[in-house]
Amino acid sequence: MSAEATHPVSAAETAAAETTVRRRARARLDLRRLGRAALLGATAGPTPRDRLPDAISHVAEAHRAHHPDADLGVLRKAYVLAESSHRGQFRKSGEPYITHPLAVTLILAELGAETTTLTASLLHDTVEDTEVTLDQVRREFGDEVAYLVDGVTKVEKIDYGAAAEPETFRKMLVATGNDVRVMSIKLADRLHNMRTLGVMRPEKQARIARVTRDVLIPLAERLGVQALKTELEDLVFAILHPEEYENTRALVAGDARSGDTLGAVADQVSTVLREAGIDAEVLVRPRHFVSVHRVRLKRGELRGCDFGRLLVLVAEDADCYAVLGELHTCFTPVISEFKDFIATPKFNLYQSLHTAVAAPDGSVAEVLIRTHRMHKVAEAGVVALGNPYVGHEPAPAAPGPGPAAGPPRSPGPEPSAAPEPPAAREPLDGERVDPTRPGWLARLLDWQQAVPDPDTFWTSLRADLAEDREITVFRADGGTLGLPAGATCVDAAYAQHGEAAHACLGARVNGRLAPLGTVLADGDTVQLLLPGGPAGTPAGIRQDTASGPSPEWLEHARTPAARIAITTWLQAHPEAAEAPAAGDPRPPLSVTADRRSGAELHAELDGEPPAAVRPAGCCTPVPPDEITGFQVRGGSVTVHRTGCAAADAMRRLGRAPVTVRWGATARCRVTLVAESFGRPGLLADLTEAIAAAGAEVVAATVEPPSEQRVRHTYTLQLADAAGLPALMRAMRDVPGVYDVARARHRAPGGRGRTPRDGDGAPEDRRRA
C-alpha cells in the first residue's frame, strides 16, 4: 500500500525501536542497507537461479527457521517480479519502494507464515501500484496467491470517492472470511507503515492511527496475533497520546535503573520447578508501554513486578497444571488472579494458565504458564497455524476485480461467480477446530451484507470491533451462540433466527420467562419464543406473522446484526413507529391504528388537517372502553378513558375535549398486572390460562417476591377486545392470584393511582 516513510525522530519510530529492544526480538532490519542491496542487484544484472538475491536473504533465513524444508524458489521468483515492477518507485524517505514489501514479508516470516503467504506479501502492492495485473499473478503463482493479493488490494478511489476506505476494508473482511491469511498480510502491512509514519503530516498520522486503533488492533486481537497487536498499540499510543507515552517511557526507564525485581522472582521459580523435577523455561516478559500505562491507571503507584510478567514454558498440557501446583504450594497465591484459558480457550485461540504470587517486596508477580505450542499460537495467532486449506484441492478460479467473494478451491465456476469455500474437515483427536471462520467473523460477514451504505458499515464495524469480550450461550436445542459481552435476548434472537426474529414474542433464560431486553451472561441457556416456535414453546403463544419489532428493541440491541435488521424493518414499515402521512388537507376525520394496542381510533377534527391519534399511557384505553380525547402540543390527539384522572384535570383547566371513537377493528393490545401469593408452578399456570383464552404473549415480567407476594405484568395481544373480561376472570381463577387489573402509570400530580382516583378501576374489576 502507498507507504508512509521513515523519519528518524518521530514518536512512532521511537516507540517501535524501544518496543523491539524491550521484546529482545530480532534486530530491526536496516531498510537503507536493504534498499542499496536491491539497487545493486538491479544494476548488476540477473541473479543466478541457484542463488537468492542478497535483499531477500533475511526473509529466507527467517522462513527456514520455521519451515526448514521450504522451497525458496517461488520466493525468489516473487521477489524478482516485485523488484522489477516497483523499480523507479521510492518512498517519501528516499528508500526504494521494494523495501516495504520486503519488510512486510520479513514480519510475517518471523511469525512463522508459510510460503504462499510470504509470496503474496512480496506481491501485495504490485497490482495496486504497478502495471502487473491480477491475471499475470494468477498465471505465474497460482490461484491462492492471486486471491491473497486481490484481497489486500485497495479499491479505486476514483470509483468510490470518500467511500474508498470503508469499501476497501469491507472487501478485505469478505476475503478474510474465506482465507484468514488476507488479514495477516494487511496487519503486517499496517505495522510497517505505522513504524515508518514520521514524514506524514501530523493530522494524517493521527487519522491513520485512529483507524489502526479502532479497526486493525481489534482485528489483530481477534485473530490472536499478539506480536503485531502489542506493537501497533504502542505506536498508536505514541501518536495519539504523546504526553502519556513520554510519562510511561520515563517510568519504564526508571524501573530499568532500579534493579531487576522480577528477575529475582524468576530465579526463585526456576529453583522450585527444578527441585520438583519439572522441565520448564522461566522467562521475564516485559510489558509493552500500553500495558504499563493500563496497570498504572489500575494500581496507581507501580512496583518492580508491575513492569513485566513471568512466562513459564513447558512441553505438555499436564506440565502446566504441575507448575501451577508447585507455585501455589511454595508461594502465596493471589487466587483472584487465577484464570484457566487452557480448559476454556479465548475466542481468539489463546491458551494459558494465569496466576499471580506475592513477591518478596510485597508486590504481585503475575505468571503465565503455557506450552511452547501455546506460546507460538499466543504470539502469532492464526499466522502460526499455517495454511488452513492443507488437504484441499486448489482450484483455477480467483476473485475478480470486485470485492473478494471467496478463495478459489474447486474447479469450474465462472470468473464472476463467488467460489464456494472449502468444506471444513473433521479435526483429528486433540486437534483444534479450523479457526479460519471464527464465530465473530461469521457474524460480521452476515450483517455487512445488509449494509450497502459505506458510512453505516464503517460506523457499525468500529462499534462491533469495540466489543472485546465474547460470551457463549446455549440454545434450547443444545447448540451454542457466540455473542459479545453485554448482548441481550434480542441479539440472541437475530443471531439464531435472522429476520424470523422480527416476530419474537419473548424468551426463557435458564428456564424462566424473561424480557427480550435481558442481558445474557456467559453460560446462560436461552429459549426464544416465536410464533409456531421451536420445540418447547408453550402452546397457544402465537403472533401474527406480519408483526415486527418495536422501536424500543433498538434500546436493547447490542450487535450490529440485530440493530441493522431492526432498523431496516422499521424503515420498511414506517407505520410501526410513526403516524401515517397527511392526505386530504381538510378531512373531517383523523384515523390511526395504534401499534401498541392494535386498535383503530377515529378523531373528528372538522376543518383541521389530520393528526396522530394515540391512546394515553396513563390509562391505556382499549376497546370497548368509553373514551374521550384532547389535542396536545403538535396537533396530535391523546385518547383517555372516560373518568381518567388526567382527563378530568384537563377539563378543569378548560381544555376542550375532542370526539373520538373506536374503529371497526376488534384487535387490541393490553397490559395486565396480576397480584398473587408466591407458590411453585404459579407462572406456568398463569401462562396456561392466558394461552387457553387465545391471547398472545408480547412481553412478560415477574418482579421479585415481597412478603410472599408476587407481581406479574403481561402485555397481551387479543384477537377480540370483547374477550378481555373473560381473560381477566380466567387469570383471577388461577389458585394464588388475588387480583388482576389493567396496568396504570402515576397521575400527573404524582399520586399513586388507586380505584379511588375515579379512573374506572372499579368497573374493571366488576367486568372481570
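The rules we used
- Residues numbered from 1 in each chain as written.
- Predicted model: local features only at pLDDT ≥ 70, side-chain atom pairs only at ≥ 80, totals over all residues.
- Heavy atoms only, no water.
- Helix = DSSP H or I, 4+ residues; strand = E, 2+ residues; numbered from the N terminus.
- Buried < 20%, exposed > 50% of the residue type's maximum accessible area, 1.4 Å probe, protein only.
- Contact = heavy atoms within 4.5 Å.
- Areas by Shrake-Rupley, 256 points an atom, 1.4 Å probe, with all protein chains shown as cover.
- Pairing = 2+ DSSP bridges.
- Salt bridge = Lys/Arg side-chain N within 4 Å of Asp/Glu carboxyl O.
- Axes fitted to C-alpha atoms, helices over the stretch in contact; angles between N-to-C directions.
- Polar contact = N/O pair within 3.5 Å; in protein donor to acceptor, adjacent residues only side chain to side chain.
- Core = buried A, V, L, I, M, F, W, Y, C linked by side-chain atoms within 4.5 Å.
- Phe/Tyr/Trp six-rings, centres within 6.5 Å; stacked < 30°, edge-to-face > 60°.
- pLDDT = per-residue confidence, 0-100.
- Parallel < 35°, antiparallel > 145°, perpendicular 65-115°, else oblique.
- Nonpolar A, V, L, I, M, F, W, Y, C, P; charged D, E, K, R; others polar.
- Arc of directions from axis to C-beta.

Section: the overall build of the protein chain
Here comes step 1: Looking only at helices and strands, the protein chain has 28 helices and 21 strands in total.
Here comes step 2: Here the protein chain holds 768 residues, and the buried ones make up 51% of them.
Here comes step 3: Taking all contacts inside the protein chain whose residues are at least 6 apart in sequence as the whole, residues at least 24 apart take part in 66%.
Here comes step 4: Counting every atom, the protein chain has about 34,900 Å² of accessible surface; 52% of that belongs to carbon and sulfur.

Describing the pairing of strand E20 (residues 709-718)
Here comes step 1: With respect to burial, E20 is a largely interior element, eight of its ten residues being buried.
Here comes step 2: Sheet topology places strand E18 (residues 668-677) next to E20; ten bridges connect them, and they run antiparallel. Among the inter-strand pairings, Arg669 is bridged to a residue of E20, identified as Gln717.
Here comes step 3: Bridge count for strand E19 (residues 696-702) against E20 is six bridges, and the pairing is antiparallel. Among the inter-strand pairings, Val702 is bridged to a residue of E20, identified as His712.

Overview of the pattern of salt bridges
Here comes step 1: Under the definition given, this model contains 25 salt bridges.
Here comes step 2: For Glu144, the salt bridge is made with Arg181, and the minimal N-O distance between the two is 2.7 Å. Here Arg181 lies in helix H12 (residues 181-195) and Glu144 lies in helix H9 (residues 143-152), a separation of 37 residues in the sequence.
Here comes step 3: Between Arg294 and Glu233 there is a salt bridge whose closest N-O contact spans 3.1 Å. In this pair, Arg294 is assigned in helix H17 (residues 289-299) and Glu233 in helix H14 (residues 226-240), connecting sequence segments 61 residues apart.
Here comes step 4: According to the relative accessible area criterion, Arg294 is partly exposed, its value standing at 46%.
Here comes step 5: Given a relative accessible area of 7%, Glu233 falls into the buried group.

What about the pairing of strand E2 (residues 308-314)?
Here comes step 1: Counting buried positions along E2 yields six of seven residues, so the element is predominantly enclosed.
Here comes step 2: Note: strand E1 (residues 281-286) against E2, six bridges, orientation antiparallel. Note that in E2 the partner of Pro286 across the bridge is Gly308.
Here comes step 3: Where E2 lies against strand E5 (residues 364-371), five bridges are found, and the strand directions are parallel. Following the sheet pairing, Val312 is matched in E5 by Ile369.

Quick look at the sheet that holds E1
Backbone-to-backbone hydrogen bonds pair the strands of a sheet. The strands run either parallel or antiparallel.
Here comes step 1: In space, the five strands of this open sheet follow the order E1-E2-E5-E4-E3, with mixed pairing throughout. The two strands at the open ends of the sheet, each matched to only one other strand, are E1 and strand E3 (339-340).
Here comes step 2: As judged from the two bridges shared by E3 and strand E4 (residues 353-358), these two strands associate in the antiparallel manner. By the bridge assignment for E4, Asp340 is matched with Leu353.

Overview of the sheet that holds strand E21 (residues 737-742)
Here comes step 1: If you walk across this open sheet you meet the four strands as E19-E20-E18-E21, and the pairing is antiparallel. Two strands in the sheet have a free side with no partner beyond their single neighbour: E19 and E21. Neighbour to neighbour, the strand axes of the sheet diverge by 20° on average, direction disregarded.
Here comes step 2: Seen against the sheet, helix H26 (residues 682-692) touches E18, E19, E20 and E21 and runs at an angle of roughly 25° to E20.
Here comes step 3: Contacting E18, E20 and E21, helix H27 (residues 724-732) crosses the sheet at an angle of about 155° to E21.

Some remarks on the side chain of Thr488
Here comes step 1: Here Thr488 is to be found in the loop between strand E7 (480-484) and helix H22 (489-497).
Here comes step 2: Residue classification places Thr488 among the buried positions, given a relative accessible area of 3%.
Here comes step 3: When residues no more than four places from it in sequence are discounted, the contact partners of Thr488 are Leu516, Gly517, Thr518, Val519, Leu520 and His556.

Focus: the side chain of Asp189
Here comes step 1: Summarising the element assignment, Asp189 is placed in helix H12.
Here comes step 2: Given a relative accessible area of 1%, Asp189 falls into the buried group.
Here comes step 3: A polar side-chain atom of Asp189 sits 3.1 Å from a polar atom in the side chain of His124.

As for unusual backbone geometry
Here comes step 1: Its identity is not glycine, yet Asn510 carries a phi of approximately 55°, on the positive side.
Here comes step 2: Tracing the chain through its elements places Asn510 in the loop between strand E8 (506-509) and strand E9 (512-514).
Here comes step 3: By relative accessible area, Asn510 is classed as partly exposed at 47%.

Observations regarding H17
Here comes step 1: Considered for burial, the residues of H17 that qualify are Phe289, Val290, Ser291, Val292, His293 and Val295.
Here comes step 2: Directly after H17, the chain includes Gly300, whose backbone phi takes a positive value near 80°.

What to know about the nonpolar core
The tendency in soluble globular proteins is for nonpolar side chains to be buried as a group.
Here comes step 1: Grouped together as the largest cluster of nonpolar side chains are 84 residues, with contacts concentrated most on Leu123, Met194 and Leu461.
Here comes step 2: Counting residues per element, this core draws most heavily on helix H13 (residues 202-222), at nine residues.
Here comes step 3: In terms of nonpolar packing, the next biggest core, distinct from the first, is built from 28 residues, Ala485, Tyr494, Ala514 and Ala557 among them.

Observations regarding the packing of aromatic side chains
Here comes step 1: For the structure on display, the rule yields five aromatic pairs.
Here comes step 2: Seen in terms of ring centroids, Phe237 and Tyr245 are 5.9 Å apart; in terms of plane orientation they differ by 80°. Their pairing is edge-to-face.
Here comes step 3: Overall, Tyr245 belongs to the buried group, its relative accessible area being 1%.
Here comes step 4: Here the aromatic rings of Tyr494 and Trp553 are separated by 6.5 Å at their centres, their planes lie at 75°, and the arrangement is edge-to-face. With a gap of 59 residues between them, Tyr494 in helix H22 and Trp553 in helix H23 (residues 553-556) connect regions that are remote in the sequence.

With respect to the confidence of the model for the protein chain
Do not read the fine detail of predicted coordinates wherever pLDDT is low.
Here comes step 1: Confidence in the prediction of the protein chain, expressed as mean pLDDT, is 75, and 73% of residues score 70 or more.
Here comes step 2: Scored below 50 in pLDDT, residues 34-45 shows 15 contacts in the model against residues more than four places distant or in partner chains.
Here comes step 3: Low pLDDT, under 50, characterises residues 391-436; the predicted model gives this stretch 83 contacts beyond four residues in sequence or across chains.

A word on the packing of helix H11 (residues 164-178) against H12
Here comes step 1: Interhelical geometry of H11 versus H12 gives an angle of 135° and a closest axis separation of 7 Å. In terms of orientation, H11 and H12 fall into the oblique class. Here Phe169, Met172, Leu173, Ala175 and Thr176 of H11 come into contact with H12, specifically with Val182, Met183 and Lys186.
Here comes step 2: The residue inventory of the contact of H11 with H12, partitioned by class, reads six nonpolar, one polar and one charged.

Topic: helix H3 (residues 57-66)
Since the α-helix turns once every 3.6 residues, residues separated by three or four places project in the same direction.
Here comes step 1: Along H3, the residues that are buried comprise Val59, Ala60, Ala62 and His63. Taken end-on, H3 shows its buried residues confined to a sector of 170°, consistent with a single buried face. Of the exposed residues in H3, those oriented more than 90 degrees away from the buried face are Glu61 and Ala65.
Here comes step 2: Its buried side turned inward, H3 meets helix H4 (73-86), helix H5 (99-111) and helix H6 (115-122).

What about the environment of Ala501?
Here comes step 1: With respect to the secondary-structure elements, Ala501 resides in the loop between H22 and E8.
Here comes step 2: For Ala501, the contacting residues outside a window of four places in its chain are Ala493, Tyr494 and Trp553.

Looking at the environment of Arg201
Here comes step 1: Locating Arg201 in the fold gives a position in the loop between H12 and H13.
Here comes step 2: In this structure Arg201 comes out as exposed when scored by relative accessible area, which is 53%.
Here comes step 3: There is a polar contact of 3.0 Å between the side chain of Arg201 and the side chain of Glu203.

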